[in-house]
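Coordinate analysis (summary)
Spelled out, the chains give:
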Amino acid sequence: MAEDELRDIIQRCQILEEEDFKGEDFNLFQVAGQKCFEEGYVADVLEVVQNEKNKVIVKSMGWNLVGPLIRCLVKYKQDEVEREHCLKILDKLMELCSPKELVLGFLEQIEQASGEYRSQTILLLLKPLQEVLLKLQNKKAYSVGLSLSTILNQISLLPVPYTKQQLKEDKHGLCQCCNALTPFVNPFVEEVVKHMETSSGEDFKELKEELLKYCLKSLKYPLLMAELDQLPEDPPQYSLRRFAADILGILLDIRELLPKVFSWDRCKYECWDEDILEMDKEQSAESLACLSYMVFVQDCFGIDCLPVVFNPSYILQCNMVHVGVLLKRTEESILSKGLALLENCLLRLEDNSLLLEYLEFKGFITTPQDLVKVMTLCPFEHLRKKSLKILQLYIEKFEEEGKFTLFRCLLKTSNHSGVEGFIIQNIKNQIDLSLQSTTGSKVFTGLQLASLLDIILSLPEGAETDLLQNSDRIMASLNLLRYLVIKDNENDNQTCVWTELCKIERNFLKPLHTGLNMSRAHYEAEIKNKKENKRESHVSKKICSLTVAGEKMPHMTTEMELQVLHSALYTFDLIESVLARVEELIETKTTAAAEETTRIK
């Protein structure tokens, strides 16, 4: 019987001094104790550990019972009597055994927990683990750091609840674990704060570093993935907002919040603080990006900690690196944080307030390119729309020279007809403002504008350009040219469109005519073939399949293909009608100018 085996080894060891215990004794004690827990003889184990005669044995060997004891606690979570026995055994072990050995025993159980027992084990052991860590007195920094790292590693295996229903259910226990971590770390935070006031002790500096690592790791997961907006009627226990506010509070207490949020060096180039050099750079970058989101977008969750002396442009500079980190991810929760952070920073600025020089700072050119990728590649429609809105807001914050450089860059790098059409429309609006203005910069007029028109009023591949694929850009370019011809008289020539007319006709209008004729002929031939095939088969065959974003779309019937082909012809007709109107305006204007010249002579 298991209880008899335990009593035998106890009787054997009672007559020995502690230094006479052998490895075999430890093994026999552990095996016998484990059998008692597994077979339900918990009361017998409790009797052994409470017996004063066994105090030396328990002190030396008791920590070996931690594993089977914790498994038994999880097993008997519904049995109040057995659970009470287990908790009394745990209390006795914590009273008698070495704190260092207990720390290792507890962490081993946390590390080995899996599945549904992962969060249960963490919640069960946080309080006992805290008590034995506090018994270590000085030199506890390493053990605290190891404990926090082990716990967060296990939490990182729990999925983050995102919707209101998921938060309320907290099926995997992540919210409970996170909210239980704050009271666990509070005594160590208080110890660091106390030593900071006296500026004494080396261990507290190491402990502060471990707490900083804990905060940064928590920011990386779960907070970066979490929904941190206040949900209506959201009880605190179901939200990760409370945990996020607790992390901010710790950083504020250990005086690391503002140094991590504001760093001029990070605005210009990558620079990593010495205290996080050991951490993965990508992890650190994402942690700091999440921190900035919490500080600026969530307004520190009501914590009054942000000075009001910082210039809005400086705040934007400090956050551009963070925005870039967030926008390069593909998860909805992270992308939304990046967009919200950028929007928050831009709304602090006045329109036309950013100078051209800002585009030299890190992130100011790459961020609009990241916005374009979100606009064109993101699978979430609401984020695509928001990205477009923020790109427009971003453009409006630059003065004319900055806008000009930004437009040139985006036209060359976007590789998307819709985006190029959007940029060309913005250029048209800027030209209109410049022509109406009597003072200020004339960036969007004269020879400087001519260099931009060379890019806009051309076809990427000449007459062989895919007109359907580039229809948005072509229509925007034609509309711009029509506007310039109407608005700018040949005698004034403020936009240089008239001096560039020959080049425009050679590089844009003539190739466009040729391309339209070729494309129309091709699509009309396709329509003819489809109709003939349909008559021959007398049935509507499924003849084409389409794959989008890795997902196979429904088969296209012949009727559906014919609809697509006719839609293409309609697009060509639309382009041709605008092209004809532009050429008509050019001819009218040049004829009028020639007649005026003749009349003057």
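Residues numbered from 1 in each chain as written. Predicted model: local features only at pLDDT ≥ 70, side-chain atom pairs only at ≥ 80, totals over all residues. Heavy atoms only, no water.

On to the pattern of salt bridges. Counted by the stated rule, this structure contains 19 salt bridges. Linking Lys213 and Glu209 is a salt bridge whose minimum nitrogen-to-oxygen distance equals 3.6 Å. With Lys213 and Glu209 both in helix α12 (residues 203-223) and four residues apart, the pair spans about one turn of that helix. Exposure remark for Glu209: the relative accessible area of 30% places this residue in the partly exposed category. The partner of Asp370 in a salt bridge is Lys328, and the shortest N-O contact between them spans 3.0 Å. Residue Asp370 is found in helix α19 (residues 366-377), and its partner Lys328 is found in the loop between α17 (312-327) and α18 (332-347); the two are separated by 42 residues along the sequence. Given the relative accessible area of 55%, Lys328 is considered exposed. Bridged by salt links that share partners, the residues Lys220, Glu286, Arg329 and Glu331 form one connected network. (Salt bridge = Lys/Arg side-chain N within 4 Å of Asp/Glu carboxyl O. Helix = DSSP H or I, 4+ residues; strand = E, 2+ residues; numbered from the N terminus. Buried < 20%, exposed > 50% of the residue type's maximum accessible area, 1.4 Å probe, protein only.)

A separate point is unusual backbone geometry. The omega angle of the peptide bond from Tyr221 to Pro222 is 20°, so this bond is cis rather than trans. Here Pro222 shows up in helix α12. At Arg255, a residue that is not glycine, the phi angle is positive and equals roughly 60°. In this structure, Asn415 is a non-glycine residue whose phi angle is positive, near 55°.

Once that is clear, we can look at the environment of Gly363. Examined against the element boundaries, Gly363 turns out to sit in the loop between α18 and α19. The exposure class of Gly363 is buried, given its relative accessible area of 12%. Spatially, the C-alpha atom of Gly363 lies 9.0 Å from that of Asn319, the residues being 44 residues apart in sequence. Sequence-distant contacts of Gly363, that is, excluding residues within four places in its chain, are made with Met320 and Pro368. (Contact = heavy atoms within 4.5 Å.)

Taken together, Asp79, Glu80, Glu84, Asp91 and Glu131 make up a surface patch of like negative charges. Element by element, the count of residues in the negative patch is highest for helix α6 (residues 80-96), at three residues. By the secondary structure assignment, Glu131 is in helix α8 (residues 117-134). (Patch = residues over 30% accessible without salt bridge, like charges linked within 9 Å, V, L, I, M, F, W, Y side chains within 5 Å. Areas by Shrake-Rupley, 256 points an atom, 1.4 Å probe, with all protein chains shown as cover. Lys, Arg positive; Asp, Glu negative; His and termini not counted. Charge placed at Lys NZ, Arg CZ, Asp CG, Glu CD.)

With 186 residues, the main nonpolar core has Leu129, Phe184, Tyr214, Leu223, Met294 and Leu512 as its most contacted residues. Those residues in contact with Leu512 that sit more than four places away from it in its chain are Leu459, Leu467, Ile474, Leu478, Ile575 and Leu579. (Core = buried A, V, L, I, M, F, W, Y, C linked by side-chain atoms within 4.5 Å.)

Moving on, we come to helix α23 (residues 446-456). Every α-helix carries 3.6 residues per turn, so stepping three or four residues along brings you back to the same face. When α23 is considered as a whole, its buried residues turn out to be Gly446, Leu449, Ala450, Leu452, Leu453, Ile455 and Ile456. The elements touched by buried residues of α23 are α21 (400-413), α22 (417-436) and α24 (471-487).

Looking at the element boundaries, Leu410 is found in helix α21. Residue Leu410 is classed as buried on the basis of its relative accessible area, which comes to 1%. Along the sequence, Leu410 and Ile423 sit 13 residues apart, while their C-alpha atoms lie 7.6 Å from each other. Contacts of Leu410, omitting those with residues within four sequence positions, involve Pro368, Gln369, Val372, Leu391 and Ile423.

Mean pLDDT over the protein chain: 86, with 86% of residues reaching 70 or higher. Contacts from residues 266-279, a stretch scored under 50 in pLDDT, to residues over four places away or in other chains number 34 contacts. (pLDDT = per-residue confidence, 0-100.)

This next bit is on the packing of aromatic side chains. If you walk through the whole model with that rule in mind, you get nine aromatic pairs. A centroid spacing of 5.9 Å and a plane angle of 55° characterise the contact between Tyr358 and Phe364, whose relative ring orientation is tilted. This pair shows no difference in class: Tyr358 is buried, exactly as Phe364 is. With 5.3 Å between their ring centres and 65° between their planes, Tyr394 and Phe398 make a pair best called edge-to-face. There is no split in this pair, since Tyr394 and Phe398 are both buried. Taken together, the ring pairs in this structure connect Tyr358, Phe361 and Phe364 into an aromatic cluster. (Phe/Tyr/Trp six-rings, centres within 6.5 Å; stacked < 30°, edge-to-face > 60°.)

Two numbers describe how helix α7 (residues 99-112) lies on helix α9 (residues 141-155): the axes approach to 9 Å, and their chain directions differ by 10°. It follows from the interaxial angle that α7 and α9 lie roughly parallel. Considering the relative orientation of α7 and α9, their crossing is left-handed. Residues Val103, Leu104, Leu107, Ile110 and Glu111 of α7 form the contact with α9, whose participating residues are Leu146, Ser147, Thr150, Ile151 and Gln154. Classifying every residue of the contact of α7 with α9 gives six nonpolar, three polar and one charged. (Axes fitted to C-alpha atoms, helices over the stretch in contact; angles between N-to-C directions. Parallel < 35°, antiparallel > 145°, perpendicular 65-115°, else oblique. Left-handed = near helix turned anticlockwise from the far one by under 90°. Nonpolar A, V, L, I, M, F, W, Y, C, P; charged D, E, K, R; others polar.)

This next bit is on the side chain of Glu420. Tracing the backbone shows Glu420 in helix α22. Among the residues examined, Glu420 registers a relative accessible area of 7% and is labelled buried. Among the polar contacts listed, one links the side chain of Glu420 to the side chain of Arg473, at a separation of 3.4 Å. The contact partners of Glu420, leaving out residues within four places of it in the chain, are Leu411, Ser414, Asn415 and Arg473. (Polar contact = N/O pair within 3.5 Å; in protein donor to acceptor, adjacent residues only side chain to side chain.)

For the pair helix α5 (residues 66-75) and α8, interaxial distance at closest approach is 11 Å and the crossing angle is 110°. Here α5 is positioned roughly perpendicular relative to α8, judged by the angle of their axes. Once α5 is placed against α8, the crossing between them reads as right-handed. For the pair formed by α5 and α8, the contact residues are Ile70, Leu73 and Val74 on the first element and Tyr117, Gln120, Thr121, Leu124 and Leu125 on the second.

So, about the side chain of Ser414. Among the secondary structure elements, Ser414 is positioned in the loop between α21 and α22. When sequence neighbours within four positions are dropped, the list of residues in contact with Ser414 reads Val372, Val419 and Glu420.

A separate point is α19. Given a rise of 1.5 Å per residue, twelve residues ought to cover 16 Å, and the 16 Å separating the end C-alpha atoms of α19 matches this to within 8%. Considered for burial, the residues of α19 that qualify are Thr367, Pro368, Asp370, Leu371, Val372, Val374 and Met375. Looking at the buried positions of α19, the neighbouring elements they touch are α17, α18, α20 (381-396), α21 and α22. (Expected span 1.5 Å × (residues − 1).)

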